[in-house]
Amino acid sequence: MATISFKRSGGFIGKGMRFELNLNDLPIGAVRTITRLVEEAQFFDLPENMIKTFKPDEYQYTITVDAGITNHTVRTNDSTMPSSLKPLIKELSQLGTVREAA
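Numbering of residues starts from 1 in every chain and runs along the sequence as written. Only residues with pLDDT of at least 70 are given local features in this predicted model, and only at 80 or more are side-chain atom pairs given and counted; all residues enter the totals for whole chains, interfaces and linings. Hydrogens are left out, water is left out, and the side-chain values use all remaining heavy atoms of the structure.

(A) Main features of the overall build of the chain. Starting at the N terminus, helices and strands are each numbered in turn, a helix being any DSSP run of H or I of at least four residues and a strand any DSSP run of E of at least two. Looking only at helices and strands, the chain has two helices and four strands in total. Secondary structure of the chain in N-to-C order comes out as β-β-α-β-β-α. The C-alpha atoms of the chain give 13 Å as radius of gyration, which agrees with the globular expectation for 102 residues (13 Å, within 12%). When the backbone C-alpha atoms are referred to their principal axes, the chain occupies close to 40 × 35 × 20 Å. Any pair of residues with heavy atoms lying within 4.5 Å of one another is described as a contacting pair. Within the chain, counting contacts between residues at least 6 apart in sequence, those at least 24 apart form 63% of the total. Here the open area of atoms and residues is found with the Shrake-Rupley method and a 1.4 Å probe, where only the protein chains shown may cover a residue. Of the roughly 6100 Å² that the chain leaves accessible, carbon and sulfur atoms contribute 51%. When we talk radius of gyration, it's over C-alpha atoms, and the globule rule is simply 2.2 Å times the number of residues to the 0.38.

What follows is the structure, given as structure tokens:
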């Protein structure tokens with residue numbers, strides 16, 4: 001796994017987030033955590049667009065995992081996100097918050 005692009009938009013106050021992680025630049029512990037969460041979410045088996053309905057004030061997410069020979073993008077929102085994807089979204093959101101604070 002080489003890079004992960006993460007975009008969060010919408011929400012009550014409309015505070016978006018967008019960043020790209022190069023896993024080669026992260027500490028090994030963070031890489032293991034993210035890799036495990038991608039695997040547990042069965043990310044590469046998820047449909048590309050899971051947004052079927054949209055409720056006001058919810059977040060929409062676009063995640064792209066580029067693993068070198070393969071890449072996959074998933075679009076989801078709070079109401080359509082499968083439970084398997086929630087831990088990855090939470091981890092990426094926390095990483096984005098830390099990046100914004102730096």
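After that view of the structure, there is still more to cover.
(B) Expanded view of the sheet that holds strand β3 (residues 59-66). One open sheet accounts for four strands, arranged β2-β1-β3-β4; its pairing is antiparallel. Every other strand in the sheet has two partners, leaving β2 (17-22) and β4 (71-77) as the edge strands with one partner each. The sheet shows a mean angle of 10° between the axes of neighbouring strands, direction not considered. DSSP bridges decide pairing: two strands pair if at least two such bridges lie between them. Sheet analysis places strand β1 (residues 3-10) next to β3, joined by eight bridges and oriented antiparallel. Paired with Arg8 across the bridge in β3 is Tyr61. Note on definitions: angles span 0 to 180 degrees between N-to-C directions of axes, and those axes are lines fitted to C-alpha atoms, for helices only across the stretch in contact.

(C) Inspection of the packing of aromatic side chains at higher detail. What counts as a ring pair is set by centres within 6.5 Å for rings of Phe, Tyr and Trp (its six-membered ring), and what kind of pair is set by the plane angle: stacked under 30 degrees, edge-to-face over 60, tilted for all other angles. Counted according to the given criterion, the structure contains four aromatic pairs. On the numbers, 6.2 Å between centres and 35° between planes, the contact of Phe6 with Tyr61 is tilted. With a gap of 55 residues between them, Phe6 in strand β1 and Tyr61 in strand β3 connect regions that are remote in the sequence. Neither residue differs from the other here; Phe6 and Tyr61 are each classed as buried. Aromatic side chains Phe43 and Phe44 sit 5.7 Å apart centroid to centroid with 85° between the ring planes, which places their arrangement in the edge-to-face category. Taken together, Phe6, Phe19, Tyr59 and Tyr61 form an aromatic cluster joined through their ring pairs. Only when the NZ of Lys or the CZ of Arg is both within 6 Å of the ring centre and within 35 degrees of the ring normal is a charge said to sit over the ring. Lying over the aromatic face of Tyr59, Arg8 brings its terminal NZ or CZ to 4.3 Å of the ring centre. Note on classification: 1.4 Å probe, protein chains only; a residue is buried when its accessible area is under 20% of the maximum for its type, exposed when over 50%, partly exposed between these limits.

So, to be careful, I would describe these as geometric facts and stop short of saying anything about function.
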